[in-house]
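Structural overview
Letter by letter, the chains look like this.
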Amino acid sequence: MEVKIHPTWKEALAKEFDKAYWQSLTTRVRDQYTKTVVYPVAKNIFRAFDLCPLDNVKVVIIGQDPYHGVNQANGLAFSVNDDLRLPPSLQNIYKEIQKDTGVTPLFSGDLSRWASQGVLMLNSVLTVLAGNPASHAGIGWEDFTSAVIETLNANRSHVVYLLWGKYAQNKGSIIDREKNLVLMSAHPSPYSVANFFGNHHFTRCNEYLIAHDTSPIDWH
């Protein structure tokens, strides 16, 4: 199957597209898109990669799976389509940015403005059935996104990884800590946000990027 993903990622991940899990995964997902409602819309499945080519990656934020509500998911972890109410986790991310940096983020929940600066907003699972969270967990996406992290390990250094919550931290266990910065804290969900606030990840991220001659992220 032809994979419509940015050429830098397509070349680097070429071996994945020939593996048995990928064939099974794509067959299943494609079938479900024809029979039921799956998010995000098919053209946005690889949007995180299209907006943030491999050579441009400065920061990686790892999420779990897309939002499963109507018109929310847009292919970027923690991000929602413009003009929608901000989900609680994103509201808390914005609060921490303001407290940490003094910058007031835009009201928009579409985080493509971060992605275009080099922030890979990577969900571990890239699709979900409408109204059914984690419904596409365990069908192969995790293998693919682990390969993404391995590809970054092999091809890039001085990348900042923001791992919020145990799920992201387990996913990021393969990251090379010797040549990258890994920042971990609780998840910004309302259930754990008390231990998310005050992590100063946004300033620490930019300090590291600047120290390694890389332009910082405008979190506005």
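Preceding block: the structure.
The following paragraphs examine the structure supplied in this document. (Residues numbered from 1 in each chain as written. Predicted model: local features only at pLDDT ≥ 70, side-chain atom pairs only at ≥ 80, totals over all residues. Heavy atoms only, no water.)

1. Overview of the environment of Ile174
Mapped onto the elements of the fold, Ile174 is located in the loop between helix H7 (166-171) and strand S6 (181-185). Along the backbone, Ile174 and Ser146 are 28 residues apart, and their C-alpha atoms lie at a distance of 8.3 Å. Residues in contact with Ile174, not counting those within four places in the same chain, are Ser146, Ile149, Glu150 and Asn153. (Helix = DSSP H or I, 4+ residues; strand = E, 2+ residues; numbered from the N terminus. Contact = heavy atoms within 4.5 Å.)

2. Considering the environment of Ala48
Residue placement: Ala48 occurs in helix H3 (residues 47-51). In this structure, the C-alpha to C-alpha distance between Ala48 and Leu76, residues 28 residues apart in sequence, is 5.3 Å. When sequence neighbours within four positions are dropped, the list of residues in contact with Ala48 reads Gly75, Leu76, Leu120 and Met121.

3. Quick notes on the layout of surface pockets
One number sums up the size of the largest pocket: a volume of about 540 Å³. Lining the largest pocket we find 32 residues, and of these Gln64, Asp65, Tyr67, Phe78 and His187 sit closest to its centre. Ranked by the residues each element gives to the lining of the largest pocket, the list is headed by H7, at three residues. Of the residues that constitute the lining of the largest pocket, the class distribution is 18 nonpolar, 12 polar and two charged. (1 Å grid on protein atoms, 1.4 Å probe; cavity = no way out; pocket = protein on both sides within 12 Å on 5 of 7 lines; lining within 4 Å. Points joined across faces, edges and corners; volume = space filled by probe spheres on them. Nonpolar A, V, L, I, M, F, W, Y, C, P; charged D, E, K, R; others polar.)

4. Brief notes about the nonpolar core
One finds Phe49, Leu120, Trp141 and Phe144 to be the most contacted residues of the largest nonpolar core, which totals 62 residues. Broken down by element, this core gets its largest block of residues, six residues, from helix H6 (residues 141-155). Residues within four places of Phe144 in sequence aside, it is in contact with Ile5, Leu13, Glu16, Phe17, Tyr21, Trp22, Phe46, Phe49 and Leu126. (Core = buried A, V, L, I, M, F, W, Y, C linked by side-chain atoms within 4.5 Å. Buried < 20%, exposed > 50% of the residue type's maximum accessible area, 1.4 Å probe, protein only.)

5. Structural notes on H6
Here H6 is 15 residues long and its end C-alpha atoms lie 21 Å apart, about the 21 Å a rise of 1.5 Å per residue gives. Those residues of H6 not exposed but buried are Trp141, Phe144, Thr145, Ala147, Val148, Ile149, Thr151, Leu152 and Asn153. (Expected span 1.5 Å × (residues − 1).)

6. Observations regarding the sheet that holds strand S3 (residues 119-123)
The strand order across the open sheet formed by four strands is S3-S2-S5-S6, and the pairing between neighbours is parallel. Each edge of the open sheet carries a strand with a single partner, namely S3 and S6. Each strand of the sheet is rotated relative to its neighbour by a mean of 20°, with strand direction disregarded. Summarising the sheet, strand S2 (residues 59-63) and strand S5 (residues 160-164) pair through three bridges and their orientation is parallel. By the bridge assignment, Val60 is partnered in S5 with Tyr161. (Pairing = 2+ DSSP bridges. Axes fitted to C-alpha atoms, helices over the stretch in contact; angles between N-to-C directions.)

7. Points about the packing of helix H2 (residues 20-35) against H6
Closest axis-to-axis distance for the H2/H6 pair is 9 Å, and the angle between their directions is 125°. Compared by their axis directions, H2 and H6 come out oblique. Between H2 and H6 lies a crossing whose hand is left-handed. Residues Tyr21, Trp22, Leu25 and Val29 of H2 touch H6, and the partners they reach there are Trp141, Asp143 and Phe144. (Parallel < 35°, antiparallel > 145°, perpendicular 65-115°, else oblique. Left-handed = near helix turned anticlockwise from the far one by under 90°.)

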